[in-house]
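Analysis of the macromolecular model
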Amino acid sequence: MRTRAVIWRLLTGVALVVVGLVAGSVASNAGAAQQVTADDGATVVDQTMVGPRTLDLTIQSPALGRTARARLLLPPDWDARPNTRWPVLYLLHGCCDDYTSWTRQTDVAALTAGTDVLVVMPEAGPDGYYSNWLSGPAWETFHTVELRQLLERGYRAGQRRAIAGLSMGGLGAFDYSARHPGMFQAAASYSGALDTLLSQEAITQVTSVVTSNGHDPNALWGDPVKQRIVWAAHNPVDLAFALRGTKLFIASGNGQPGPLDPPGTGFNQSEALHGAETSALIDRLRLLHIPATLDMYGPGTHSWPYWQRELHVSFPMLMSAIGVTPMT
């Protein structure tokens, strides 16, 4: 197909930077940053322990033209095994939230308390869409090059990686897996924006999010008609062919109030749309004979109780893919 061929040419233009691994350890005192640098000059300028295993990094990023934050949950055996390289789980936040959302809204710290995995929760902007904007920040470069190199060079991150995200972060998890084949062994999407070209409603949701945050929607992927190929190059449905070989977990509700919603909850249109987008990706994967673990659970809104539940459901698969035995 011509569209697929064009997308693939765009993807092959995204270089994966192969870097050497240099062992490092985290300083115990707040504010003492690791003296490591990414290839483009990105560096950690501050680090703060905000909990027993929780380390916040401030990174000066050339890709973004400013500083950005990332939160790490260190493995429980971090101090006892100073020479170990750790498998990594990236957790991506959704629209209009930030790098603290997963620890603020879920029990991910408790979930991983007995599991030897380095959990990375990076900032992605309220409307970054995990992309290098046509005119603006280069979030994809920040996450897949700068942050990755800093973690490998200063925080003992290994090269086995899983990635999961909710809503906008679900798009990020599948986009990064498709656009960087082999970087992630497994990917999970919870209520993800998995087909941004499904309908005018899907397109409008993206442009409205960007506009509501004070930015020009055309600065992201351009005009959805005139520059449709750019939209497609960041759309999981159009990139589905490149997900072959990655272990996939896909979950969504249908917008009807469900068992985890408080009494009186009404129909949730956002989850209905994300459920439709998720179904479109599932249909494409089936057409391509690409396997995926599915949890299309029916009633459920676009809310954290469901995303925490799905993190628990998908966690054993994500860990198995990167060679980790989770605590039972």
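Above: the structure in question.
As the structure is a prediction and not an experimental result, all values here were calculated from the model. Note on numbering: residues in each chain are counted from 1, in written sequence order. Confidence filtering applies because this is a predicted model: local features only for residues at pLDDT of at least 70, side-chain atom pairs given and counted only at 80 or more, and all residues used for totals across whole chains, interfaces and linings. Hydrogens and water molecules were not included; the side-chain quantities draw on all heavy atoms of the structure.

**Some remarks on the overall build of the chain**
A run of H or I in DSSP becomes a helix once it reaches four residues, and a run of E becomes a strand once it reaches two; helices and strands are each numbered from the N terminus. Each helix and strand counted, the chain has 10 helices and 9 strands in total. Any two residues having at least one pair of non-hydrogen atoms within 4.5 Å are treated as being in contact. Within the chain, residue pairs in contact and separated by at least 24 positions form 72% of the contacts whose partners lie at least 6 positions apart.

**A closer look at unusual backbone geometry**
One non-glycine residue, Cys 96, lies in positive phi territory at about 65°. Within the element layout of this structure, Cys 96 appears in the loop between strand S4 (86-92) and helix H2 (101-105). Among the residues examined, Cys 96 registers a relative accessible area of 47% and is labelled partly exposed. A simple rule labels every residue: compare its accessible area, found with a 1.4 Å probe on the protein chains alone, to the largest value its type can have, and call it buried under 20%, exposed over 50%, or partly exposed in between.

**Considerations on the sheet that holds S4**
If you walk across this open sheet you meet the 9 strands as S1-S2-S3-S5-S4-S6-S7-S8-S9, and the pairing is mixed. Each edge of the open sheet carries a strand with a single partner, namely strand S1 (43-49) and strand S9 (293-298). Recorded for the sheet is a direction-independent mean angle of 20° between the axes of neighbouring strands. Note that strand S8 (residues 247-253) and S9 share 5 bridges and pair parallel. Opposite Gly 253, over in S9, you have Gly 298 as the bridge partner. Lying over the sheet, helix H9 (residues 269-287) contacts S8 and S9, oriented at roughly 145° with respect to S8. Two strands pair under a simple rule: DSSP has to find at least two bridges between them. Axes here refer to lines fitted to C-alpha atoms; in helices the fit is confined to the stretch in contact. Angles between the N-to-C directions go from 0 to 180 degrees.

**Remarks on helix H5 (residues 168-179)**
Think of an α-helix as 3.6 residues a turn; residues three or four steps apart then line up on the same face. By definition here, a helix of n residues has an expected span of 1.5 Å times n minus one. If you check H5, its first and last C-alpha atoms are 16 Å apart, about what 12 residues at 1.5 Å a residue would give, namely 16 Å. A large share of H5 lies buried, amounting to 12 of its 12 residues. All buried positions along H5 are accounted for by Met 168, Gly 169, Gly 170, Leu 171, Gly 172, Ala 173, Phe 174, Asp 175, Tyr 176, Ser 177, Ala 178 and Arg 179.

**Section: the nonpolar core**
Here, nonpolar core refers to any group of buried Ala, Val, Leu, Ile, Met, Phe, Trp, Tyr and Cys residues whose side-chain atoms link them within 4.5 Å. Of all hydrophobic cores here, the largest spans 69 residues; its most connected members are Leu 72, Tyr 129, Leu 151 and Phe 174. For this core, the leading source of residues is H5, giving 6 residues. When near neighbours in sequence (up to four residues on either side) are disregarded, Tyr 129 contacts Met 168, Leu 171, Gln 205, Val 206, Val 209, Val 210, Leu 220 and Trp 221. Formed by 29 residues, the second largest nonpolar core is a distinct cluster that contains Trp 102, Val 108, Tyr 190 and Met 319.

**A word on the environment of Leu 198**
You can see Leu 198 is positioned in the loop between strand S7 (186-190) and helix H6 (200-212). Those residues within four positions of Leu 198 in sequence are excluded, and the remaining contacts are Ala 276, Glu 277 and Ala 280.

**Notes on the state of the cysteines**
In protein structure, a disulfide is the covalent linkage between the sulfur atoms of two cysteines. The term disulfide is used for any two cysteine sulfur atoms that are within 2.5 Å. On inspection of all chains with the given rule, the structure shows 1 disulfide. With a sulfur-sulfur separation of 2.4 Å, Cys 95 is cross-linked through a disulfide to Cys 96. Classification of the bridge connecting Cys 95 and Cys 96 rests on its S-S torsion, roughly -50°, and on that basis the disulfide is left-handed. The exposure class of Cys 95 is partly exposed, given its relative accessible area of 28%.

**Details of the side chain of His 302**
Turning to its location among the elements, His 302 is positioned in the loop between S9 and helix H10 (304-321). At 2.9 Å, the side chain of His 302 and the side chain of Ser 167 are in polar contact. In this structure His 302 touches Ser 167, Ser 191, Asn 268, Ser 270, Glu 271, His 274 and Trp 307, once residues within four positions along its chain are discounted. Polar contacts here mean pairs of N or O atoms no more than 3.5 Å apart (in protein, one a potential hydrogen donor and the other a potential acceptor; neighbouring residues in sequence count only if both atoms are side-chain atoms).

**Overview of the pairing of S4**
For a regular strand, side-chain orientation follows a simple rule: the groups alternate between the two sheet faces. For S4, the buried fraction is high: 7 of the 7 residues fall into the buried class. Summarising the sheet, S4 and strand S6 (residues 157-166) pair through 6 bridges and their orientation is parallel. Following the sheet pairing, Leu 92 is matched in S6 by Gly 165. Here S4 runs beside strand S5 (residues 118-122); their pairing, made up of 3 bridges, is parallel. Bridging from a neighbouring strand, Val 88 pairs with Leu 118 of S5.

**Points about the packing of H6 against H9**
Helix packing for two helices is described by the angle between their axes and how far apart those axes are. Remark: H6 packs on H9, axes separated minimally by 11 Å, with the N-to-C direction vectors making an angle of 120°. On the basis of their axis angle, the class for H6 and H9 is oblique. As H6 runs across H9, the sense of the crossing is left-handed. From H6, Glu 201, Ala 202 and Gln 205 reach across to H9, where they touch Gln 269, Ser 270, Leu 273, His 274 and Glu 277. Split into classes, the residues belonging to the contact of H6 with H9 amount to 2 nonpolar, 4 polar and 2 charged. The labels follow the angle: roughly parallel below 35 degrees, roughly antiparallel above 145, roughly perpendicular from 65 to 115, and oblique for the rest. Should the near helix be turned counterclockwise from the far one by less than a right angle, the crossing is left-handed, whereas a clockwise turn marks it as right-handed. As a working rule, the residues Ala, Val, Leu, Ile, Met, Phe, Trp, Tyr, Cys and Pro are called nonpolar, Asp, Glu, Lys and Arg charged, and the rest polar, with Gly in that last group.

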